[in-house]
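Per-entry structural report
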Amino acid sequence: MSDNAWFTEQHEHSGSSIGFRVKQLLHSEKTPFQTIEIYDTTDWGKLMVIDGCTMVSTRDNFLYHEMMSHPALFTHARAKRVVIIGGGDCGTLREVLRHDEVEKAVQVEIDERVTRLAEKYFPELCEANDDPRAELLFIDGIKYMAECEPDSLDLVIVDSTDPVGPAEGLFNAAFYSSCYKALRHGGILVQQSESPLVHLDLIKSMRNAMKNAGFQAAKTLSFPQPVYPTGWWSCTMVRKGADLAGFRERGAASKQFATRYYNVDMHKAALALPEFVREALGE
Ligand code: SAM
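The rules behind these values
- Residues numbered from 1 in each chain as written.
- Predicted model: local features only at pLDDT ≥ 70, side-chain atom pairs only at ≥ 80, totals over all residues.
- Heavy atoms only, no water.
- Pairing = 2+ DSSP bridges.
- Helix = DSSP H or I, 4+ residues; strand = E, 2+ residues; numbered from the N terminus.
- Axes fitted to C-alpha atoms, helices over the stretch in contact; angles between N-to-C directions.
- Buried < 20%, exposed > 50% of the residue type's maximum accessible area, 1.4 Å probe, protein only.
- Right-handed = clockwise from strand over helix to strand, strands pointing away.
- Core = buried A, V, L, I, M, F, W, Y, C linked by side-chain atoms within 4.5 Å.
- Domains from an automatic or database assignment.
- Contact = heavy atoms within 4.5 Å.
- UniProt positions renumbered as here; feature names shortened; annotations may be inferred.
- Polar contact = N/O pair within 3.5 Å; in protein donor to acceptor, adjacent residues only side chain to side chain.

Comments concerning the sheet that holds strand β2 (residues 16-30)
Hydrogen bonds between backbone atoms are what pair the strands of a sheet, whose relative direction is either parallel or antiparallel. Spatially, β1-β2-β3-β4-β5 is the arrangement adopted by the five strands of the open sheet, whose pairing is antiparallel. Of all the strands in the sheet, just β1 (5-11) and β5 (53-57) have a single pairing partner and so form its edges. Adjacent strand axes in the sheet meet at a mean angle of 50° when their direction is disregarded. Of the strand pairs in this sheet, strand β3 (residues 35-41) and strand β4 (residues 46-50) are connected by five bridges, and their pairing is antiparallel. Bridging across to β4, Asp40 finds its partner in Lys46.

Details of the pairing of strand β9 (residues 153-159)
The buried fraction of β9 amounts to seven of the seven residues, a majority that puts the element mostly inside the structure. As defined by bridge partners, strand β6 (residues 81-86) adjoins β9 across five bridges and the pair is classed as parallel. The residue bridging Ile84 from the neighbouring strand is Ile157, located in β9. Looking at chain direction, β9 and strand β10 (residues 183-192) are connected through five bridges and run parallel. Across the sheet, Val158 pairs through a bridge with Gln191, a residue of β10. For the segment spanning β9, helix α5 (residues 173-182) and β10, crossover handedness is right-handed.

Things to note about the nonpolar core
A general tendency of soluble globular proteins is for nonpolar side chains to be buried together. Core analysis: the largest hydrophobic core is formed by 46 residues, its most contacted members being Val82, Val96, Leu155 and Ile157. Among the elements that make up this core, the one with the highest residue count is helix α1 (residues 61-73) (seven residues). Among the domains, domain 1 (5-57) and domain 2 (61-281) are the pair contributing at least three residues each to this core. If we ignore the near neighbours within four places in the chain, the residues touching Val82 are Leu73, Val96, Val102, Lys104, Ala105, Val106, Leu155 and Ile157. Of all hydrophobic cores here, the second largest spans 25 residues; its members include Tyr144, Leu153, Leu170 and Met210.

What to know about the UniProt feature "binding site: S-methyl-5'-thioadenosine" (unreviewed entry) in the protein chain
The feature "binding site: S-methyl-5'-thioadenosine" (unreviewed entry), as given by UniProt, occupies Gln34, Glu109, Asp140, Gly141 and Pro166 in the numbering adopted here. When neighbours within four sequence positions are excluded, Asp140 is seen to be in contact with Val108 and Ile110. Within polar-contact distance, the side chain of Asp140 engages the backbone nitrogen of Ile142 at 2.9 Å. As for its placement among the helices and strands, Pro166 is situated in the loop between β9 and α5. Looking at Pro166, the relative accessible area reads 28%, which means it is partly exposed. Contact partners of Pro166, with chain neighbours within four places excluded, come to Phe33, Gln34, Ile110 and Ile142.

Structure, rendered in structure tokens:
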């Protein structure tokens with residue numbers, strides 16, 4: 001690679017692109033599901049790219065992984081059984097297992113190669129994989145949720161790629177109905193919901209589909225994520241049979257594990273919506 005080589009992700013939908021100066025392409029392969037590339041960058045550590053879209057960088061993944069897990073876990077009174085759909089880099093699984101109340105966390109990733117490459121190039125994200133509470137399955141998350149035992153889960157985290165290819169079916173009412181059925185009363189579903197700046201229509205249609213599946217309260221939380229288009233990302237949380245007012249602030253303030261982004265104030269900040277988002281979501 002030349003001294004000044006860049007990986008660039010072009011984001012057609014927003015007419016923008018994001019780039020990283022790279023030292024080397026470390027790995028590239030086409031799996032039955034997608035094309036995975038791993039780059040060594042000059043400033044962002046390792047970078048995983050799937051089908052041309054940035055997934056994870058060493059430097060900033062903590063923002064996303066912490067916000068996909070801790071707000072939901074500190075909202076639920078005691079989440080014992082957790083399922084992560086996607087999330088093959090294992091960073092969300094690691095954050096979930098920081099919570100002592102979690103008795104079992106199943107990661108359901110369609111593409112085993114994502115996890116094997118994460119083990120090699122992002123070993124720090126995989127450090128909880130041998131936790132006896134963790135189970136790693138390599139199957140389709142849509143099928144897994146459709147066949148899940150009713151009323152058996154407390155939290156489902158959908159840590160997926162964008163709604164194209166194998167992840168398309170993770171963004172519709174049929175999938176949300178499966179999640180609703182599998183969750184216990186008070187159970188929470190949280191899903192990465194793209195950028196509030198350029199994907200508001202998607203966020204709106206996800207929330208509608210979740211409502212149609214039976215979920216009541218919905219909250220969209222936003223946080224920075226420099227490696228994703230626009231640099232501003234979100235997750236959307238819904239709950240079965242209960243509202244989403246408040247969270248366990250005392251528990252979050254006295255948590256027994258370190259975080260780099262998440263704390264009580266960032267949790268509250270993530271829940272605050274800008275005017276244009278409020279208006280679009282009718283809040
Ligand atoms: N944080 C990332 C983002 O927002 O771009 C996503 C990280 S994670 C690597 C996404 C994972 O979802 C990928 O490894 C992909 O294989 C997985 N995935 C996509 N569709 C899936 C499905 N139907 N069932 C299970 N996993 C799926």
